[in-house]
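Survey of secondary and tertiary structure
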Amino acid sequence: MNQSDLALITAFINRSIDQFHADRLRLIQSLKLNDILRRKNPYLFRAKNITSPEELITSFVDATLSSSEEGLFGRFLEELAIYVNQITSGGQKSSSPGIDLEFNRDNTRYLVAIKSGLNWGNSSQHRALENNFKQALVVLRQSRQVVNAQAVLGICYGRAKDSDKGMYRRICGQRFWTFISGDPDLYRHIVEPLGYNAADKNELFQEQKGLTLKRLVEVFNASFCDANGSINWQQLVEFNSGNLNSDE
């Protein structure tokens, strides 16, 4: 890959990673106690012998952040992959449902669905992807302008062999970034700019996280702890899993 393309990709990463950090900051600032208490499994944390409100709320918040950050960063990687292909191969964002990218190479039209990691969905989502590929391929093959068409599932990170899934090929990790860019080293190049200003961004995030934890613990103490400051697990489980009234 030439230096001009690398410079464009680096600039895109710098712009887009700022948005990731901004979304992450808004996420921690907007957390509400009732939401995280209803979404997480209180039985699990009771079984782990968590005894203090501070430890419990920290565990709930960390679990919530982990799943949300995976989603946020996954979207960033998918957008980066589309941009890389646009500047290296003239690709474009697909208009077909469930397909992210389309581009031509060696008389073949590639339809690419992009996922961040290998464990990206359940069986019904995998079937939906196959159906999306099937419908998109039917449309393409009816066009006189397209002779060959190939569906590809691209995985941004992870280590697994390329595989033929019948309806589509799966390519992951280094091979995927090489496939969309032509550069076998791109998967290593893109990791460097991700760290630019990361320390400053994370310092601000940790400050906000500390304020959020303090706020949530105060509310939790007032609502789910006894006079001695111990967690009232019965009350917490009832809030999380008790039967709804007809008007709720």
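This structure is a prediction, so every number in the text was calculated from the model and none was measured.

Attention now moves to helix α8 (residues 198-224). The α-helix advances 3.6 residues per turn, and as a result positions three or four apart in sequence lie on the same side. Compared with an ideal rise of 1.5 Å per residue, which puts 27 residues at 39 Å, α8 spans 36 Å between its outermost C-alpha atoms and is within 8% of the ideal. Within α8, burial applies to Phe 205, Gln 208, Lys 209, Thr 212, Leu 213, Leu 216, Val 217, Phe 220 and Phe 224. If you follow the buried residues of α8, they end up packed against α1 (3-30), α2 (33-39), α4 (53-89) and α9 (233-241).

Here the protein averages 92 in pLDDT, and 97% of its residues register 70 or above. Of all the helices and strands in the protein, helix α5 (residues 123-141) carries the lowest mean pLDDT, 92, while helix α6 (residues 174-181) carries the highest, 97.

Okay, the sheet that holds strand β5 (residues 163-164) next. With mixed pairing, 6 strands are arranged side by side in an open sheet as β1-β2-β3-β4-β6-β5. The sheet is open, and its two edges are formed by β1 (92-93) and β5, each paired on a single side. With 2 bridges joining them, β5 and strand β6 (residues 169-172) adopt antiparallel strand pairing. Directly across from Ser 163, in β6, lies its bridge partner Arg 170. The strands touched by α5 within the sheet are β3 (108-115) and β4 (148-155), with β4 carrying the most contacts at an inclination of about 155°. The strands that α6 touches are β2 (101-105), β3, β4 and β6; relative to β6, the one it contacts most, it runs at about 105°.

A few words now on the nonpolar core. Core analysis: the largest hydrophobic core is formed by 28 residues, its most contacted members being Leu 80, Val 112, Phe 176, Trp 177 and Phe 179. Among the secondary structure elements, those contributing two or more residues to this core are α1, α4, β2, β3 and α6. When residues of this core are assigned to their parent elements, the largest contribution, 8 residues, is made by α4. With near-sequence residues (within four places) excluded, Phe 176 lies in contact with Ala 81, Val 112, Ile 114, Gly 154, Ile 155, Cys 156 and Ile 171.

Reading the values: rules and limits
Residues numbered from 1 in each chain as written. Predicted model: local features only at pLDDT ≥ 70, side-chain atom pairs only at ≥ 80, totals over all residues. Heavy atoms only, no water. Helix = DSSP H or I, 4+ residues; strand = E, 2+ residues; numbered from the N terminus. Expected span 1.5 Å × (residues − 1). Buried < 20%, exposed > 50% of the residue type's maximum accessible area, 1.4 Å probe, protein only. Contact = heavy atoms within 4.5 Å. pLDDT = per-residue confidence, 0-100. Pairing = 2+ DSSP bridges. Axes fitted to C-alpha atoms, helices over the stretch in contact; angles between N-to-C directions. Core = buried A, V, L, I, M, F, W, Y, C linked by side-chain atoms within 4.5 Å.

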